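Reading the structure
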Amino acid sequence: MIKKSRLFSLLLSSLCLVSVNSYAQKAPFKGEVKLDVRDSKADWAPYIRKKAPKDAPNILFVLYDDTGLAAWSPYGGRINMPTLDKLAADGITYTQWHTVALCSPTRSCINTGRNHNLNGMGAITEGANGFPGYSCQLPEQTATMAQILNDNGWSTFWLGKDHNVPETDLSAGANKSQWPLQQGYDRFYGFIGGETNQWYPDLTEDNHAIEAPYTPEEGYHLSKDLADQAIKMITDQKSANPSKPWFMWYCPGANHAPHQAPKEYIAKYKGKFDDGYDAYRKWVLPRMIAKGVLPKGTTLTDFNPLPEGVSSAGDYVRPWNTLTADEKKLFSRLCEVYAGFSEYTDVQIGRVVDYLKETGQYDNTIIFYAADNGASGEGSPSGSVNENKFFNGYPDDLAENMKLLDELGGPNTYEHYPTGWAAAFSTPFKMFKRYSNYSGGTADPLVVTWPKGIKARGEMRNQYHHAVDIVPTILEICGLEMPKVYKGVEQIPLSGVSMKYTFAATPDAPTQKHRQYYTMLGTRAIWEDGWKAVAVHAPLTSKGHFEEDKWELYHVDVDRAESKDLAKKYPEKLEALKKLYLEEALKNQALPLDDRTATEILNIERPVEEEVRETYTYYPHASAIPEAVAVSVRGRSYKVIANIEITDATCSGVIFAHGSRFGGHSLFIKDKKLYYVYNFLGIKPEQQLVSAELKPGKYTVGMEFIREKAGPNHESMGTAKLYVNDQMVAEGPMRTQVGKFTLVGDGLCVGFDSGDPVSDLYESPGEFKGGVVKFVTISVDKKQYLDLEKEKQLLLRD
């Protein structure tokens, strides 16, 4: 008979052998395993993480938004960029670096080194259409640069904008496989989406939503916060792991709308754009030529170069001499805000660069400073003090805008300059952001500085390169390669070529890049060895008939502005390039082409984790629910019902809120009264319904909007009613928005109002105090309000 102790030892030995043998299939153990650890020898080799090569550089990649080649001072522009000026003097400035003409696609190229369609990023994430090149979900076959660097000993940080997460994956409970921490980044601090309010940003830290650390009244601005966080991340890393290099992708909200900046920076540009955008183009072109950004003989192209029948009315540039005095004043001021925003952000980045110098890291940090696409023409021909009007198809009113002239750039405005400034900052090229066929959409600033690795100081580089060339460059610098298989998945080869050779090259040395295709929102072009074929087509027009497009031919090696069409002179060359475009488009998953309007694209029915339903229930103090996955009350009747308990006569605060001061609605208690406010696109006065005073007790409160017709701009017109228990206590006419409250941020909240408050009647966060919010139900079904009210009243008995 075997003794219990002996039996235990045998079982333990068997279990050890089973465990070791099972694990050996995954990672063979080379040491000798015995029963007693003191008699065994461990083998640490499988568990030792790779270390970066000795003296490996830190990498800082700064990526602005929406900036044309003619905007910034290092390129001859009027916007002062003190940090970038110093970096350009300490390194090299590229004159022919190109992007994809839109933010999400360009950022995907910089993230993976593959063409945007191979990344599934054929448009912004809100534009996914279900085809492989337009899924807006990064496939497993495109490992990110951060993953490779992280695996090889670099710490990896992402600051600021991330517009590469599917719209349906933005909420707290959503799949996070496309979020930064799941894409190879150790840390993330910023906003997920296309834009955010710079005073009241929609912030995410790592994998969860947070509120801003302090308020605009206390000096908060997102550009300042990002610099603070960048310095802290680097400090933490160097304090704990000083031998490790780091990679930081630094993506400020600038220069994307809303253009918002401290008053003192806006004031720096007072009167500096009063000459107008026509004059600016004529002023900046000779400066760009003198700096060596453009070759001698470069000429200006037309402001409105596309023929009638092709051009988009929303992208038209109004000649400066046709504007009224008030329009000129407003347009100039909008540009002053943009310039102040750009410089202020640059100064904050300068704090990070200064910190690197103070801590002895600057010399061995390679700094890339760039922008993701051309200047934005999304402000319409007349600009806007509230960009949300543009996205709701609602016209701006000049008289109303002029009232806000002195507030532009502050918390009360959400502006975007008119198309004329987009064209001016894209000098000398045709068009601007979204137009991948012309350099106005793709030609962007890029400055590279690395004191230890680049001997050149203050030199230009005229080699033709593209956003897909960044990853090969960084990998070569770091002595790494993109693996052919990553985590068991065969990888798509890199699309770009390394630019490292340019560091020691002469300014006009031949480029080592030979081909690049362009496709965006129905526009397309192909560049090969200094020649470029362009299809004449405007984005987002829904005109289709791509096979009927006229093609143009440019010899961009000598005609950088793409001003002289050589199609008739070299028809065989053009046909060869058109054929090449089709080959590249097929190889890179760029087909089918999609030029549908923004409204058509945004309304595509896409797969969602949560099925659309008629009734939604939300609970207090959950993180703000992004609008993409929250209940939609747009263009329909709806009801908002809440069960609350007032325990104190001083009870006040937000029961429910969704949106911001630029558009949204809120149910709240103030001065003992129940309020429902619908803020229609920030237009004053706010639409209000108010009850009599409420005493302590349990209540079912809510409102109902009954849609009766569409207004002249497709807004919903109807009647709103306010209820306390089963009694209607207020009623009045109301109009509601046809489009979203915001493009990103300011989500649906219960028990508070995140970020920017919906109503002027309370301050954010407006937490509900002196009582309890049990839940809020929002219904878009056809039940009568009082039927739903009876259901919720029953729950008050609990």
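Above this text you will find the structure in question.
Description of the structure in this document. (Residues numbered from 1 in each chain as written. Predicted model: local features only at pLDDT ≥ 70, side-chain atom pairs only at ≥ 80, totals over all residues. Heavy atoms only, no water.)

A count of helical and extended segments in the protein chain gives 16 helices and 28 strands. Here the C-alpha atoms of the protein chain give a radius of gyration of 29 Å, agreeing with the 28 Å that 2.2 N^0.38 yields for 798 residues. With respect to the three principal axes, the spread of C-alpha positions in the protein chain is 105 × 80 × 55 Å. In the protein chain, the share of contacts with a sequence separation of at least 24, taken over all contacts with a separation of at least 6, comes to 73%. (Helix = DSSP H or I, 4+ residues; strand = E, 2+ residues; numbered from the N terminus. Rg over C-alpha atoms; globule rule 2.2 N^0.38 Å. Contact = heavy atoms within 4.5 Å.)

Attention shifts here to the state of the cysteines. Under the criterion given, the structure shown has zero disulfides. Between Cys651, a cysteine without a disulfide, and Cys749, which holds the nearest cysteine sulfur, the sulfur-to-sulfur distance is 18 Å. You can call Cys651 buried: its relative accessible area is 4%. (Disulfide = S-S within 2.5 Å. Buried < 20%, exposed > 50% of the residue type's maximum accessible area, 1.4 Å probe, protein only.)

Inspection of every chain in the model, using the stated rule, returns 33 salt bridges. Where Arg187 meets Asp206, a salt bridge forms, and the shortest distance between an N and an O atom there is 2.9 Å. Highlighted residues: Arg187 in strand β4 (residues 187–192) and Asp206 in the loop between β5 (203–205) and β6 (208–210), separated in sequence by 19 residues. The exposure class assigned to Arg187 is partly exposed, which follows from its relative accessible area of 25%. (Salt bridge = Lys/Arg side-chain N within 4 Å of Asp/Glu carboxyl O.)

The next point concerns unusual backbone geometry. With omega at 0 degrees, the peptide bond leading from Ala257 into Pro258 counts as cis. The omega torsion of the bond from Ser764 to Pro765 falls at 10 degrees, within 30 degrees of zero and hence cis. Positive phi is not limited to glycine here, since Leu540 has a value of about 60 degrees. By secondary structure assignment, the location of Leu540 is in the loop between β16 (531–535) and β17 (551–555). The phi dihedral of Lys672 is positive, around 70 degrees, even though this residue is not glycine. Exposure remark for Lys672: the relative accessible area of 38% places this residue in the partly exposed category.

Next up on the list: helix α5 (residues 222–240). Taking 1.5 Å of rise per residue, the 19 residues of α5 would be expected to cover 27 Å, and the 27 Å separating its terminal C-alpha atoms lies within 8% of that figure. All buried positions along α5 are accounted for by Leu222, Ser223, Asp225, Leu226, Ala227, Gln229, Ala230, Ile231, Met233, Ile234 and Gln237. (Expected span 1.5 Å × (residues − 1).)

So, on to the sheet that holds β16. What holds strands together in a sheet is hydrogen bonding between their backbones, with the strands either parallel or antiparallel. Judged by pairing direction, the sheet is antiparallel, and its four strands sit side by side in the order β14-β15-β16-β17 without closing on themselves. Bordering the open sheet on either side are β14 (515–520) and β17, each of which pairs with just one other strand. For this sheet the average axis-to-axis angle between neighbouring strands, irrespective of direction, equals 15 degrees. Inspection of the sheet shows strand β15 (residues 523–528) paired to β16 by five bridges, in the antiparallel sense. Among the inter-strand pairings, Arg524 is bridged to a residue of β16, identified as Ala535. Together, β14, β15, β16 and β17 form the strand contacts of helix α14 (residues 571–587), whose direction differs from that of β15 by roughly 110 degrees. (Pairing = 2+ DSSP bridges. Axes fitted to C-alpha atoms, helices over the stretch in contact; angles between N-to-C directions.)

Further remarks concern the sheet that holds strand β27 (residues 749–750). Taken in spatial order, the five strands line up as β23-β22-β21-β20-β27 in an open sheet, and their pairing is antiparallel. Strands with a single pairing partner mark the edges of an open sheet, and in this sheet they are β23 (687–693) and β27.

This brings us to the packing of aromatic side chains. By the definition in use, this model includes 37 aromatic pairs. Summarising the aromatic geometry, the rings of Trp72 and Tyr369 are spaced 5.9 Å apart at their centres and angled 90 degrees between planes, so their arrangement reads as edge-to-face. Residue Trp72 is located in the loop between β1 (58–64) and α2 (82–89), and its partner Tyr369 is located in strand β8 (residues 365–371); the two are separated by 297 residues in the primary sequence. This pair shows no difference in class: Trp72 is buried, exactly as Tyr369 is. An aromatic cluster is defined as three or more aromatic residues linked by ring pairs; in this entry it consists of Tyr269, Phe273, Tyr277, Tyr280, Trp283, Phe303, Trp320, Tyr338, Tyr417, Trp421 and Phe425. Lys272 extends its terminal NZ or CZ atom over the ring of Tyr269, reaching a point 5.5 Å from the ring centre. Arg281 extends its terminal NZ or CZ atom over the ring of Phe303, reaching a point 4.5 Å from the ring centre. (Phe/Tyr/Trp six-rings, centres within 6.5 Å; stacked < 30°, edge-to-face > 60°. Lys NZ or Arg CZ within 6 Å of the ring centre and 35° of its normal.)

Among the surface-exposed residues, Glu605, Glu609, Glu610 and Glu611 lie close enough to one another that they form a single negatively charged patch. Positionally, Glu605 belongs in the loop between α15 (598–602) and β18 (615–618). (Patch = residues over 30% accessible without salt bridge, like charges linked within 9 Å, V, L, I, M, F, W, Y side chains within 5 Å. Areas by Shrake-Rupley, 256 points an atom, 1.4 Å probe, with all protein chains shown as cover. Lys, Arg positive; Asp, Glu negative; His and termini not counted. Charge placed at Lys NZ, Arg CZ, Asp CG, Glu CD.)

Glancing now at the nonpolar core. Within the largest apolar cluster, 92 residues are counted, with the highest numbers of intra-cluster contacts made by Ile79, Met248, Tyr250, Tyr369, Trp421 and Phe425. With 13 residues, the top contributor of residues to this core is helix α8 (residues 325–358). Discounting residues that sit within four places of it in the chain, Tyr369 has contacts with Val62, Tyr64, Trp72, Met81, Leu84, Leu87, Asp346, Ile349, Pro445, Leu446 and Val447. Residues Ala123, Trp158, Phe368 and Ile454 belong to the second largest nonpolar core, which totals 52 residues. (Core = buried A, V, L, I, M, F, W, Y, C linked by side-chain atoms within 4.5 Å.)

Right, let's talk about the pairing of strand β19 (residues 638–646) for a bit. Burial of β19 is extensive: eight of the nine residues sit out of reach of the surface. Two elements, β19 and strand β24 (residues 697–710), share nine bridges in a ladder whose sense is antiparallel. From the neighbouring strand, Ile641 faces β24, where its bridge partner is Gly702. Across eight bridges, β19 lies against strand β28 (residues 771–779) in antiparallel orientation. Bridge assignment links Ile644 to a residue of β28, and that residue is Val773.

The next thing to look at is the side chain of Glu336. Within the secondary structure layout, Glu336 lies in helix α8. Under the relative-accessibility criterion, Glu336 is labelled buried at 5%. Aside from chain neighbours lying at most four places away, what touches Glu336 is Ile266, Tyr269, Lys270, Gly271, Lys272, Phe273 and Asp274.

Bringing the environment of Val776 into the picture now. Residue position: Val776 is located in strand β28. For Val776, a relative accessible area of 1% gives the class buried. Once the C-alpha coordinates of Val776 and Gly702 are considered, the two residues, 74 residues apart in sequence, prove to be 8.9 Å apart. Excluding its chain neighbours within four sequence positions, the residues that come into contact with Val776 are Tyr616, Thr617, Tyr618, Val640, Ile641, Ala642, Ile655, Phe656 and Val750.

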